[in-house]
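Take a look at the letters that make up each chain.
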Amino acid sequence: MQSINQLIEHPLLVEKQVTLVLKREDLLHPFISGNKYRKLKYNLWAAKAENQHTILTFGGAYSNHIAATAYAAKEKGFKAIGVIRGEELENSWQTNNTLKKAYDDGMRFKFISRSDYREKESAEFIEALRKEYGNFYLVPEGGTNSLAIKGCEEIITKEDKEFDVVCSSVGTGGTVAGLIKSSFVHQKVFGFSALKGDFLRNEIEQLVDNERWQLVTNYHFGGYAKTSKELIEFINLFKDITSISLDPIYTGKMIFGLFDMIKHDTFAVGTKIMAIHTGGLQGIAGMNSVLKKKNLPLLNI
Ligand SMILES: *Cc1c(COP(=O)(O)O)cnc(C)c1O
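As the structure is a computational prediction, the values presented were derived from the model and not from experiment.

(A) Representation of the overall build of the protein chain. In terms of helices and strands, the protein chain carries twelve helices and ten strands. For a compact globule of 301 residues, the expected C-alpha radius of gyration is about 19 Å, and the protein chain comes in at 19 Å, within 12% of that figure. Along the first, second and third principal axes, the C-alpha set of the protein chain runs to 60 × 45 × 30 Å. By the burial criterion, 56% of the 301 residues in the protein chain qualify as buried. Once local pairs closer than 6 in sequence are excluded, the contacts in the protein chain between residues at least 24 apart make up 73%. Surface accessibility of the protein chain: about 13,800 Å² in total, with carbon and sulfur atoms responsible for 50%. Side chains of the protein chain give 38 positive and 35 negative charges; the mean places of these two sets differ by 3 Å.

Laid out in structure tokens, this is it:
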């Protein structure tokens, strides 16, 4: 499966004489958004090959990964269990768009406290889950493992050789690791961290086999899922100019950062940049309900 490359027309790109193409992975599938499609593909194959009937995974209240896994599991004939961070959601998940849709797609939930959630990868916790649910194929939080990286290696195709720079948002690092591995030798991959801190640099280093990459760590806007008026307004303006929606957690921060770097002449005249639109648009409704409570401007859908 191959997504389309869309040329972005924007005054800044004309002024700085750089070319920007967005690879529209967000359009790959209506419900298995962008990189989550890539990350699940070989995992679901492996689950079938192991003759498993149930997929179990982890995520937060607005998780793109939960939404994608619920739908993909349904499509491939698996049962799905989502272990969800936050006990308080037990009584309110029906009003959460992401969880409601995942439930309608057949996923069943186990809500756990934030402290239990931190222990979710421990052998004891997994063992307790197996006692409760029987055998399952475990997909880690965010979906990152070696099969996910293998899937993400398929994002770059031979037609993408013309680009000098490849950009992606980074959550767990699985997607950017796949891109780094399958990039052409003349390309440089920039990963824009959606999280605060630079621990991801070490994690990505463990997953890749070359040094054609850089982690950009100054466009996290305060941390994972944190936003600001400036970011929301940037995303809305980008949509006005290009008709393309970006999500506020990942792709919005990446494009904000990329435009800031272009503004500051990081890239030579003539540079051809390909940025990956990894999807995540299902989370906008949830983010808008948070923004509303904070009296911040809303994202245009
Ligand atoms: C999950 C996600 C990411 C992060 O992917 P990782 O492989 O965890 O780094 C980026 N963008 C979107 C839209 C996502 O949903």
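(B) Examining the site of the ligand more closely. Around the ligand sit 15 residues, and of these Lys36, Lys39, Thr172, Thr175 and Thr278 come closest. In the model, an oxygen atom of the ligand is placed 2.7 Å from a nitrogen or oxygen of the Gly171 main chain. Burial of the ligand by the surrounding chains reaches 98%, relative to a free accessible area of 380 Å². Counting only elements with at least two residues in the shell around the ligand, the list comes to helix 2 (34-49) and helix 8 (174-182). It is helix 2 that provides the largest number of residues to the shell around the ligand, a total of three residues. Counted by class, the shell around the ligand contains two nonpolar, eleven polar and two charged residues.

(C) Representation of the pairing of strand 2 (residues 19-23) in the model. Within strand 2, four of the five residues are buried, which leaves it mostly tucked inside the rest of the structure. Looking at chain direction, strand 1 (residues 5-7) and strand 2 are connected through three bridges and run antiparallel. Among the inter-strand pairings, Gln6 is bridged to a residue of strand 2, identified as Leu22. Of the pairings in the sheet, the one linking strand 2 to strand 10 (residues 272-276) comprises five bridges and is parallel in character. In the sheet register, Thr19 faces strand 10, and the bridge partner there is Lys272.

(D) Here's a closer look at the pairing of strand 9 (residues 213-216). Alignment of strand 8 (residues 188-193) against strand 9, held across four bridges, turns out to be parallel. Looking across to strand 9, one finds that Phe190 is bridged to Gln214. Note on the crossover from strand 8 through helix 9 (residues 199-207) to strand 9: the handedness is right-handed.

(E) Inspection of the sheet that holds strand 4 (residues 79-85) at higher detail. The four strands are arranged 5-4-3-6 in an open sheet whose pairing can be described as parallel. Every other strand in the sheet has two partners, leaving strand 5 (107-112) and strand 6 (137-139) as the edge strands with one partner each. Within the sheet, the average angular offset between the axes of one strand and its neighbour, ignoring direction, is 20°. Summarising the sheet, strand 3 (residues 54-59) and strand 4 pair through six bridges and their orientation is parallel. Opposite Leu56, over in strand 4, you have Ile81 as the bridge partner.

(F) Molecular detail of unusual backbone geometry. Although it is not a glycine, Phe221 sits at a positive phi angle of roughly 55°. In this structure, Phe221 sits in the loop between strand 9 and helix 10 (229-242). Of note in this structure, Ser243 is not a glycine but carries a positive phi near 65°. Topologically, Ser243 is positioned in the loop between helix 10 and helix 11 (251-263). Residue Ser243 is classed as exposed on the basis of its relative accessible area, which comes to 62%.

Rules and cut-offs
Residue numbering note: each chain is counted from 1, following its sequence as written. Side-chain atom pairs in this predicted model are given and counted only at pLDDT of 80 or more, local residue features only at pLDDT of at least 70, and totals for whole chains, interfaces and linings cover all residues. No hydrogens and no water enter the side-chain calculation; it runs on all heavy atoms of the structure. A helix here means a DSSP run of H or I that spans at least four residues, while a strand means a run of E at least two residues long, and both kinds are numbered starting from the N terminus. Radius of gyration: C-alpha atoms only; globule rule: 2.2 Å multiplied by the number of residues to the exponent 0.38. Burial status follows relative accessibility: with a 1.4 Å probe on protein chains alone, a residue under 20% of its type maximum counts as buried, one over 50% as exposed, and anything between as partly exposed. Working rule for contacts: check all heavy atoms of both residues, and any pair within 4.5 Å makes them a contact. Residue-level accessible areas treat just the shown protein chains as cover; the underlying method is Shrake-Rupley with a 1.4 Å probe. When charges are counted, Lys and Arg are positive and Asp and Glu negative, with His and the chain ends excluded. To locate a charge, take NZ of a lysine, CZ of an arginine, CG of an aspartate or CD of a glutamate. For this purpose, a residue is taken to be near a molecule or strand whenever a single non-hydrogen atom of the residue falls within 4 Å of it. Here a polar contact means two N or O atoms within 3.5 Å. Within protein one must be a hydrogen donor candidate and the other an acceptor candidate, and residues neighboring in sequence count only if both atoms are side-chain atoms. Three categories are distinguished: nonpolar for Ala, Val, Leu, Ile, Met, Phe, Trp, Tyr, Cys and Pro, charged for Asp, Glu, Lys and Arg, and polar for the others, with Gly belonging to the last. Should DSSP find at least two bridges between two strands, the strands are taken to pair. By convention, orient the strands away from the viewer: a clockwise path from the first strand over the helix to the second makes the crossover right-handed. Every axis corresponds to a line fitted to the C-alpha atoms, with the helix fit spanning only the stretch in contact, and the corresponding angles, defined between N-to-C directions, vary from 0 to 180 degrees.

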